[in-house]
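Each chain, written out:
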Amino acid sequence: MYTATTRTWVAAALAGLVLGTAACGVSKIPTEPVPVPVDDPPPQVVPIRRLTNAEYLASVTDLFAGTTLPDLTFVPDNKILGFLNLSSSQTSSLVRMEQYESAGQAIARVVAADPTALTGCDAATSSELACAEPYLHALGKRAYRRPLSATEKQALTALLMRNEGTVDYPTRLGLAIQGVLLSPKFLFRAEFGDSTAADTGTAGVKPLTPWELATRLSFLINGSLPDAELAAAADTGLLSTPAEVRAQADRLLALPRSQAHLVDFHQMWLGIESINALSKSQTDFPTFTPELTFYMGQETRRFLQNVLFTQAGSFADLFTGGYTFANAQLAAFYGVPAPATDWDRVELDPTRRSGLLTQASLLATMAKEDRTDPVRRGKFVLERLLCRNVIPPPPAAVAQFKPLDLSKTARQQFESHNQISPACGACHKTLDPLGLPFEHYDASGQWRDDDRGMTIDVTGKVDRIGPDGKVAESIPFDGIPGLASVLVDLPDSRTCYVAQWFRFASGRLNNDSDKNFLDWLSAKFTRDTKIVDMVAELVQSNSFRNVRSAP
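Now for a quick tour of the structure.

Reading the values: the criteria
- Residues numbered from 1 in each chain as written.
- Predicted model: local features only at pLDDT ≥ 70, side-chain atom pairs only at ≥ 80, totals over all residues.
- Heavy atoms only, no water.
- Phe/Tyr/Trp six-rings, centres within 6.5 Å; stacked < 30°, edge-to-face > 60°.
- Lys NZ or Arg CZ within 6 Å of the ring centre and 35° of its normal.
- Helix = DSSP H or I, 4+ residues; strand = E, 2+ residues; numbered from the N terminus.
- Buried < 20%, exposed > 50% of the residue type's maximum accessible area, 1.4 Å probe, protein only.
- Lys, Arg positive; Asp, Glu negative; His and termini not counted.
- Salt bridge = Lys/Arg side-chain N within 4 Å of Asp/Glu carboxyl O.
- Polar contact = N/O pair within 3.5 Å; in protein donor to acceptor, adjacent residues only side chain to side chain.
- Disulfide = S-S within 2.5 Å.
- Core = buried A, V, L, I, M, F, W, Y, C linked by side-chain atoms within 4.5 Å.
- Contact = heavy atoms within 4.5 Å.
- 1 Å grid on protein atoms, 1.4 Å probe; cavity = no way out; pocket = protein on both sides within 12 Å on 5 of 7 lines; lining within 4 Å.
- Points joined across faces, edges and corners; volume = space filled by probe spheres on them.
- Nonpolar A, V, L, I, M, F, W, Y, C, P; charged D, E, K, R; others polar.

## Focus on the packing of aromatic side chains
Under the defined criterion, the tally for this structure stands at 23 aromatic pairs. Among the aromatic side chains, those forming a connected cluster through ring pairs are Phe83, Phe265, Trp269, Phe315, Phe319, Tyr497, Trp501, Phe504 and Phe525. Between Arg216 and the ring centre of Phe544, over which it is positioned, the NZ or CZ distance is 5.5 Å.

## Observations concerning the side chain of Arg145
The topology assignment puts Arg145 in the loop between α5 (128-144) and α6 (150-161). The buried charged residue Arg145 lacks any salt bridge partner; its closest oppositely charged side chain belongs to Glu55, at an N-O distance of 8.4 Å. Within the structure, the side chain of Arg145 is placed 2.9 Å from the backbone oxygen of Phe188, a separation counted as a polar contact.

## Remarks on the state of the cysteines
Going through the model one piece at a time under the given rule, you end up with two disulfides. Across the disulfide, Cys121 is cross-linked to Cys131 (sulfur-sulfur distance 2.0 Å). The sign of the -55° torsion about the S-S bond sets the Cys121-Cys131 disulfide as left-handed. Highlighted residues: Cys121 in the loop between α4 (115-119) and α5 and Cys131 in helix α5, separated in sequence by 10 residues. Cys131 carries the same exposure label as Cys121, and that label is buried. The disulfide bridge from Cys387 ends at Cys496, spanning 2.1 Å between sulfur atoms. Disulfide Cys387-Cys496: torsion about the S-S bond near 85°, hence right-handed. Separated by 109 residues along the polypeptide, Cys387 in the loop between α17 (374-385) and α18 (395-398) and Cys496 in helix α23 (residues 491-506) bring together distant segments of the chain. Each of the two residues, Cys387 as well as Cys496, counts as buried.

## Focus on the nonpolar core
Across soluble globular proteins, nonpolar side chains have a tendency to be buried as a group. Leu357, Leu483, Tyr497 and Trp501 are the most contacted members of the largest nonpolar core, which totals 85 residues. A per-element tally of this core places α23 first, with eight residues. Those residues in contact with Trp501 that sit more than four places away from it in its chain are Leu220, Leu262, Phe265, His266, Ile531, Met534, Val535 and Leu538. By size, the runner-up hydrophobic cluster in this structure holds 42 residues, among which are Val60, Met97, Phe186 and Phe188.

## Observations regarding empty space enclosed by the protein
Per the stated rule, a full pass over the model turns up six cavities of 30 Å³ or more. Top contributing element to the lining of the second largest cavity by residue count: α23, with three residues. Along the lines of polarity and charge, the residues of the lining of the second largest cavity split into seven nonpolar, four polar and three charged.

Now the structure itself:
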């Protein structure tokens, strides 16, 4: 029954919206000024979402705080455009269901081993029912992220008291806890809205219940279920206005765990969350060690922490500024003096290094094991920073690629792409001007003045796409600091950044129906707007606080 029910919920979750495929580099987000909706647009349909592995682990850690939980193993979450929480990637399987069952059993076995310590009540002086029932009802409320119905309370009590005469108390208590952890009401996030409320003014749109809103807010900012203060706000009706939601968001944004979670979001967006496992050819890069990759990851995390929260920085601050945070080893890698104290701020040459795009974690990840990868680097800029799709080359075109010619620079070799086929030329005409300007950074992310003695040309251009889907303008730049300067002033790069937050918050890819909302939110997000203020605008919006029923 459990597996069948879960599969039904997963099938519903797979009804999420998927972004269509566009021609190479052509964005569905216009870059020319467009009329921006004056009013906050209403929401679109959101899918049912399964907890990601990280959300599951964070939730059970919060549910059983103070208990050392067993190691839990799950099949990896699928990734779409960097994100692990998009409903369209959350396919289910019998293996995952079995792993949930094993996890529930293992957790229950540990936490229910001492019922008195767990419930704070000694059944020997009271009764098992009197001790365990309040605990189970409170656990169910936190796990399901809403008050329990009378039927749900009775079901938990029935699990607890089943086979009372033949099965010991800890085992039965563990069975009831396992029932909570195996319930789709814990494993999935379904948002139906407040059925008792009137439509908000748009047909089929209702406000989220206070607990649905608290849950949406908490998982976005905190990566877990609502904490005690947010739960109390949901219980007492203190999430009914945008200002009350903003107050809770501001409180959560100040928490260290929330800040770490949103740094994780940016690492997923950048595609560098696995930097610690990155390796390079030891023949070509003998100093590229696991220790160095760990430091590269730490550098980016500390830089993001500083921009997002310490200085309450802006979109422009993510990409500009010739500084970073380093220890002695990373400073040596960058060729600058070591800081007085590890992980202090260090100044870099702003003509070579500028914000995230020139950090080693990104540059090394977007490269091959033994050489640079202009295609991957250009694809990163197109997909992650401009939200434009890139169609993979057809097998026939891949078969025509020539062996690497070490007597030529990457730019010279890539000129042959136009000769392979018109399809290759069309894509590389867009990819190459964004990827080749990274050539001053080798496959490890280290600066190089030349490529094996040959001069490097790092000029490039960013195409601005008009409302008709055609190139309206090509904006030239020289080097990656120049690209960074173009991106912070380009409206569609900021719209793309807003869209990344939207995807992360809603658990789905945006499509044409979301354009009005993205235009509305992007219009409030200039290059110098504080990122935390943009997040506050997002969570106060109609789209975030309400839900549209499926047609």
